[in-house]
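# Structure at a glance
Below are the chains, spelled out letter by letter.
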Amino acid sequence: MDRWLISLKFAMLRNSSAGLRRAGWVIGALLVVATWAGAALAADSGVRHDFLTLVLAMWLIGGMFGPVLMSGAGVLRADYFALLPLSRGQLGRGLLATVFVGVAATYVLLAVLAVSWHAAVLSPVTIVVAVVGSILTWILVIALSRLVYGALGAAMRTRLGIEIAGVQWGILLAAMFAGWMIVSVAFQSIPQLLQAGLPAGPITAVLDSLPTSWTVLAVEAAAAGDWGTSAAWLAALVVLDVVCVVSTVALLVPRSQRVTARRGRPRSRALVAGGGILPATPTGAVIMKELRQWRRDPWRALEASTAVWTGAVIGVFALLGGYTAPAGAFAGVIVAIMVALSGCNLYGQDGSAVWQNVVGESTWSVRADVRGRQWAMALVFLPRALLVSIVFVLLAQAWWAIPFVIAALPATVGAAAGAAILTSAVGVSPGVDPRRRVGPNDANGNIALHIWIALAATAIGVAPTIGMIVWSATSGSTPVMIATAIVGVLNGFVAAWLLGRVAIGYLSTRMVDVFSRIRYGRIFRDTGSGLLDQLAASTLKGEQVALEAKQKERDKRLERARTSA
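Predicted model only: the values in this text are computed from it and were never measured. (Residues numbered from 1 in each chain as written. Predicted model: local features only at pLDDT ≥ 70, side-chain atom pairs only at ≥ 80, totals over all residues. Heavy atoms only, no water.)

## Side note on the overall build of the chain
- Scanning the chain for helices and strands turns up 24 helices and zero strands.
- Residues counted as buried form 46% of the 565 residues belonging to the chain.
- Put simply, of all contacts in the chain between residues at least 6 apart along the chain, 81% involve residues at least 24 apart.
- Approximately 28200 Å² of the chain is accessible, and the part contributed by carbon and sulfur atoms is 70%. (Helix = DSSP H or I, 4+ residues; strand = E, 2+ residues; numbered from the N terminus. Buried < 20%, exposed > 50% of the residue type's maximum accessible area, 1.4 Å probe, protein only. Contact = heavy atoms within 4.5 Å. Areas by Shrake-Rupley, 256 points an atom, 1.4 Å probe, with all protein chains shown as cover.)

Below, the structure is given as structure tokens:
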């Protein structure tokens with residue numbers, strides 16, 4: 001069965017777009033060459049030890065979190081085989097076996113084999129230890145990559161798990177947006193690393209304790225004649241591999257979720273619109289529904305948590321970057337910007353539940369839905385952005401930034417909420433339906449274009465506040481600073497109102513089209529010629545072109561098979 005699943009994996013890859021995969025092949029090859037080059041250019045054995053432990057730890061981190069960042073749930077999903085008479089253990093073992101066969105797994109194996117250069121320099125006899133240990137390390141990295149992805153999906157069922165996943169996503173996104181602050185420092189220190197190694201202390205102790213370093217330690221023990229210690233390190237790797245493989249097999253095929261009754265007293269009717277806090281209107285009802293969804297829906301809660309941790313990690317990067325430390329005071333503004341990314345596919349996240357918006361549509365329902373979602377985003381994200389701002393203004397001791405932060409936060413949250421709801425309405429992209437979600441990337445479809453549109457609309461929306469901040473910074477006038485804060489608040493309200501008004505006008509005649517895109521992946525009527533219609537057609541065309549390319553490739557292969565037969 002494992003062989004059949006591997007064949008099925010390659011058959012699906014042959015019928016998928018190879019553009020991004022080929023770019024990944026090039027990047028992976030360069031990383032493998034860099035790993036071997038560093039091992040060969042190290043000044044001495046001690047430096048080589050430090051370099052290998054550091055680089056192999058980075059390969060482990062990349063293997064663990066790379067699939068999460070790249071939506072790498074694997075080509076094969078467990079639900080594809082739900083109707084087959086297979087046990088969870090059999091299917092999980094087969095799915096794990098498919099991960100070990102591929103270009104990415106080969107690159108990881110080639111990278112960890114760089115330890116054999118260290119073994120050859122110390123004592124050629126220990127190359128056997130290096131090869132065996134490298135294979136065991138390779139098994140560990142690949143198994144952990146699937147274990148982390150499966151664990152994130154399982155963690156989405158608990159609040160603590162969502163926060164842990166939010167921290168991981170925050171680190172990944174922060175590394176994408178502001179990792180250059182750390183990378184620039186790292187590149188400057190590479191020559192020193194290859195000449196002098198790492199400074200002795202907690203860093204080297206932590207690296208030596210990681211499982212990826214155990215092969216290096218086993219090789220060095222064998223080179224020193226201590227074969228018993230060397231065998232102990234390899235045995236520890238074997239035990240860890242067994243634990244990871246067994247755990248991964250169980251997580252790759254999750255159990256069906258059971259519906260549990262909500263604990264506590266029944267909610268009264270007064271709580272439907274917020275128990276008096278919110279108005280007892282359709283808009284108030286939508287706000288309360290959205291607030292509960294941002295708290296109860298694991299995927300929405302993950303978006304909110306990720307926004308906070310992304311801003312916090314970028315603030316830490318800025319503080320550690322030296323000359324970038326003053327920028328850390330604006331970490332809360334990053335949280336506000338994340339509103340645009342978190343909400344740019346709200347309707348797509350709702351899945352087929354958008355049908356309720358269609359059957360309940362009335363003169364005021366669309367307006368209430370749009371405004372309620374915007375208010376809910378502001379109520380969820382603005383307090384978190386304010387909290388992160390306070391913390392990092394104190395850490396950076398940047399008291400001068402307070403007026404600018406006060407102006408930027410409401411302006412950014414308002415503009416981002418408007419940009420998010422408009423992008424979500426125009427370019428709705430269905431992911432996995434809520435009732436069938438398992439992995440941490442299942443909530444959204446193809447939103448690569450949506451992110452850039454939402455960010456661009458947000459930047460345009462906050463332009464007046466940016467202009468006032470520049471004027472205030474250059475003039476240093478107190479009245480101008482006060483005016484900047486006022487403009488920031490007004491800018492947020494106006495940008496949210498304008499962009500929301502555009503979304504209301506668009507959805508008033510196209511709510512059925514939004515549902516048809518989610519349910520059927522197409523629109524059953526001719527689109528208009530306006531800018532928003534063209535944008536909607538472009539996002540839909542991107543998905544359809546990908547499907548057509550797959551179908552054409554499939555037809556070509558079938559034709560070649562008939563010809564050869």
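Text resumes after the structure shown.
## What to know about the pattern of salt bridges
- By the definition in use, this model includes six salt bridges.
- Across the pair glutamate 290 and arginine 373 runs a salt bridge whose closest N-O atoms are separated by 3.6 Å. Residue glutamate 290 is found in helix α13 (residues 282-296), and its partner arginine 373 is found in helix α18 (residues 365-396); the two are separated by 83 residues along the sequence.
- Note that aspartate 350 is salt-bridged to arginine 373, the shortest N-O span being 2.7 Å. Placement of aspartate 350 in helix α16 (residues 346-350) and of arginine 373 in helix α18 is noted, with a sequence separation of 23 residues between them. (Salt bridge = Lys/Arg side-chain N within 4 Å of Asp/Glu carboxyl O.)

## Overview of helix α14 (residues 298-320)
- Taking 1.5 Å as the rise per residue, α14 with 23 residues should run 33 Å; its terminal C-alpha atoms sit 32 Å apart, in good agreement.
- Most of α14 is tucked away: 18 of the 23 residues are buried. (Expected span 1.5 Å × (residues − 1).)

## Digging into unusual backbone geometry
- Its identity is not glycine, yet glutamine 397 carries a phi of approximately 55°, on the positive side.
- Positionally, glutamine 397 belongs in the loop between α18 and α19 (402-426).

## Brief notes about the environment of proline 410
- Residue placement: proline 410 occurs in helix α19.
- In this structure the C-alpha to C-alpha distance between proline 410 and asparagine 491, which are 81 residues apart in sequence, comes to 7.8 Å.

## Comments concerning a nonpolar patch on the surface
- Together, Trp375, Leu379, Val489, Phe493, Val494, Trp497 and Leu498 line one region of the surface with nonpolar side chains, adding up to about 700 Å² of accessible area.
- Broken down by secondary-structure element, the contributors of at least two residues to the nonpolar patch are α18 and α22 (478-507).
- Per-element accounting of the nonpolar patch gives the leading share, five residues, to α22.
- Its place among the elements puts phenylalanine 493 in helix α22. (Patch = residues over 30% accessible without salt bridge, like charges linked within 9 Å, V, L, I, M, F, W, Y side chains within 5 Å.)

## A few points about the confidence of the model for the chain
- For the chain, the mean per-residue pLDDT works out to 78, and 70% of the residues sit at or above 70.
- In this model residues 257-261 is a low-confidence stretch, pLDDT under 50, and it forms two contacts with partners more than four residues away in sequence or in other chains. (pLDDT = per-residue confidence, 0-100.)

## Here we look at the nonpolar core
- Ranked by internal contacts, the top residues of the largest apolar core, which has 66 residues, are Trp294, Tyr347, Val370 and Leu507.
- Setting aside chain neighbours within four positions, we find tryptophan 294 in contact with Arg300, Ala301, Glu303, Ala304, Ser342, Leu346, Ala376, Met377, Val380 and Phe381.
- The next biggest cluster of nonpolar side chains, apart from the first, holds 40 residues, and it includes Val112, Val148, Trp214 and Cys244. (Core = buried A, V, L, I, M, F, W, Y, C linked by side-chain atoms within 4.5 Å.)

## Observations regarding the packing of α13 against α14
- α14 packs onto α13 with a crossing angle of 80° between their chain directions and a minimal axis gap of 5 Å. As the angle between them shows, α13 and α14 are arranged roughly perpendicular. Of α14, the residues touching α13 (which contributes Glu290, Gln293, Trp294, Arg295 and Arg296) are Pro298, Arg300, Ala301, Glu303 and Ala304. (Axes fitted to C-alpha atoms, helices over the stretch in contact; angles between N-to-C directions. Parallel < 35°, antiparallel > 145°, perpendicular 65-115°, else oblique.)

## Quick look at the packing of aromatic side chains
- Applying the stated criterion across every chain, the model contains six aromatic pairs.
- For the ring pair tryptophan 294 and phenylalanine 381, a centre distance of 5.3 Å and an interplane angle of 85° mean the geometry is edge-to-face. Pair noted here: tryptophan 294 is in helix α13 and phenylalanine 381 is in helix α18, with a separation of 87 residues, a long-range link.
- Judged by relative accessible area, which is 0%, phenylalanine 381 ranks as buried.
- In this structure an aromatic cluster arises from ring pairing among Phe330, Trp400 and Phe404.
- Here the basic side chain of arginine 373 rests over the ring of tyrosine 347, its NZ or CZ set 4.4 Å away from the ring centre. (Phe/Tyr/Trp six-rings, centres within 6.5 Å; stacked < 30°, edge-to-face > 60°. Lys NZ or Arg CZ within 6 Å of the ring centre and 35° of its normal.)

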